[in-house]
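Residue-level structure breakdown
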Amino acid sequence: MGRFLGIQENRLDSKGRVSVPASFRATLASFNTNELILRPSHKSPAIEAWPEPAYSRLAEGLDRLDAFSDEHDALTVTLFASAHSATPDADGRIVLTDRMIAHAGLEVNKPVAFMGLGERFYILQPAEAERMLAASTARALKEGLTVPRGGRA
């Protein structure tokens, strides 16, 4: 499977539609699906976009929690209640809900950023994408963060 990479921009139209960049659609196809799961991020003013198979793997983590525990209930509501499915049309466009547009602070006929995050991507304001990139890079440098190799933690 591929990875969503880079930051690209497109415009949000008056019907709440935005074109997913061609390179992101190609990565989506590498997951053997054209279905995205969209949800408002619970950590950032952004919309998370997940290929359906990756979202299903994420949700499997809930199976390790007690079915009626507070943790399970909170995460189930967070992951599913505001999520919806979106499939790019023939022109690569998806429709964002009014709630998601408001959550990410997006504006009609203004640029929208697509920020690659590996197996998922964010849809957000371009200025927020640049802020997140700068903050994450600064943190990684300051803390000397590294990535484990060979699957070892």
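Below is a short write-up of the structure.

Parameters at a glance
The numbers attached to residues start from 1 for each chain and follow its sequence in the written order. Only residues with pLDDT of at least 70 get local features here, since the model is predicted, and only at 80 or more are side-chain atom pairs given and counted; chain-wide, interface and lining totals rely on the full set of residues. Hydrogens and water molecules were not included; the side-chain quantities draw on all heavy atoms of the structure. Secondary structure elements follow DSSP: runs of H or I no shorter than four residues count as helices, runs of E no shorter than two count as strands, and numbering proceeds from the N terminus. For each residue, the accessible area found with a 1.4 Å probe, counting protein chains only, is set against the maximum for its type, and the residue is called buried under 20%, exposed over 50%, and partly exposed in between. When checking whether two residues touch, look at their non-hydrogen atoms; a contact exists if any pair is within 4.5 Å. Among buried residues, the Ala, Val, Leu, Ile, Met, Phe, Trp, Tyr and Cys ones that are joined through side-chain atoms within 4.5 Å form a nonpolar core. Two strands make a pair as long as DSSP finds a minimum of two bridges between them. Between the N-to-C directions of two axes lies an angle of 0 to 180 degrees, each axis being a line fitted to C-alpha atoms and, for a helix, fitted only over the stretch in contact. Put simply, a patch holds well-exposed residues, over 30% relative accessible area, that have no salt bridge, with like charges counted together within 9 Å and Val, Leu, Ile, Met, Phe, Trp or Tyr side chains within 5 Å. Accessible surface area values rest on a Shrake-Rupley calculation with a 1.4 Å probe, where residue burial reflects the displayed protein chains alone. What counts as a salt bridge is simple: a side-chain nitrogen of Lys or Arg found within 4 Å of a carboxyl oxygen of Asp or Glu. Residues counted as positive are Lys and Arg, residues counted as negative are Asp and Glu, and His and the chain ends are not counted. For this purpose, a charge sits on NZ of Lys, CZ of Arg, CG of Asp or CD of Glu. The criterion for an aromatic pair is that two Phe, Tyr or Trp rings (for Trp, the six-membered ring) have centres within 6.5 Å, with stacked assigned to planes under 30 degrees apart, edge-to-face to planes over 60 apart and tilted to the rest.

On to the side chain of histidine 72, then. Along the chain, histidine 72 turns up in helix H3 (residues 70-81). We classify histidine 72 as buried; its relative accessible area is 17%. Those residues in contact with histidine 72 that lie beyond four places of it in its chain are Leu62, Leu65, Asp66 and Ala67.

So, about the environment of valine 112. Along the chain, valine 112 turns up in strand E7 (residues 111-116). Placed 45 residues apart in sequence, valine 112 and alanine 67 show a C-alpha to C-alpha distance of 38 Å. Ignoring any residue separated from it by four or fewer positions in sequence, one finds valine 112 in contact with Gln8, Glu9, Asn10, Leu12, Val18, Leu106, Ile123, Leu124 and Pro126.

Turning our eyes to something else, we now look at the nonpolar core. In terms of nonpolar packing, the biggest core is built from 28 residues, with Leu38, Ile94, Leu96, Leu106, Phe121 and Ile123 touching the most fellow members. Secondary-structure elements contributing two or more residues to this core are helix H1 (22-30), strand E3 (36-40), strand E4 (47-51), helix H2 (52-60), helix H4 (98-104), E7 and strand E8 (121-124). When sequence neighbours within four positions are dropped, the list of residues in contact with isoleucine 123 reads Ala46, Ile47, Ile94, Leu96, Ala104, Leu106, Val112, Ala113 and Phe114.

Further remarks concern the pairing of E8. Where burial is concerned, the two faces of E8 agree: the one with Phe121 and Ile123 and the one with Tyr122 and Leu124 are both buried. Pairing analysis gives three bridges linking E4 to E8, with the strands arranged antiparallel. Across the sheet, glutamate 48 pairs through a bridge with tyrosine 122, a residue of E8. Linkage of E7 to E8, two consecutive antiparallel strands, is achieved through a turn of four residues, within which glycine 118 is found at a positive phi near 80°.

Right, let's talk about unusual backbone geometry for a bit. Here the phi dihedral of asparagine 32 falls at roughly 60°; this positive angle occurs in a residue that is not glycine. The topology assignment puts asparagine 32 in the loop between H1 and E3.

Moving on, we come to the sheet that holds E7. Pairing is antiparallel across the open sheet formed by six strands, whose spatial order is E1-E7-E8-E4-E3-E5. The sheet terminates laterally at strand E1 (7-11) and strand E5 (84-86), the two strands that pair on one side only. Averaged over neighbouring strand pairs, the angle between their axes works out to 30° when direction is ignored. With respect to the sheet, helix H5 (residues 126-143) is in contact with E1, E7 and E8, its orientation differing from that of E7 by roughly 30°.

Moving on, we come to a negative patch on the surface. Together, Asp66, Asp70, Glu71 and Asp73 line one region of the surface with negative charge. Tracing the backbone shows aspartate 66 in the loop between H2 and H3.

Here we come to the packing of aromatic side chains. By the definition in use, this model includes eight aromatic pairs. An angle of 70° between the planes, with centres 5.0 Å apart, marks the rings of phenylalanine 24 and phenylalanine 121 as edge-to-face. A residue pair is termed long-range when its members are at least 10 positions apart, and phenylalanine 24 in helix H1 and phenylalanine 121 in strand E8 qualify at 97 residues. Residue classification places phenylalanine 121 among the buried positions, given a relative accessible area of 1%. Relative to phenylalanine 80, the ring of tyrosine 55 has its centre 6.2 Å away and its plane inclined at 85°; by these criteria the two rings are edge-to-face. With tyrosine 55 in helix H2 and phenylalanine 80 in helix H3, this residue pair connects regions lying 25 residues apart in the sequence. By relative accessible area, phenylalanine 80 is classed as partly exposed at 41%. Taken together through their ring pairs, the aromatic side chains of Phe4, Phe24, Phe31, Phe114 and Phe121 make up a single cluster.

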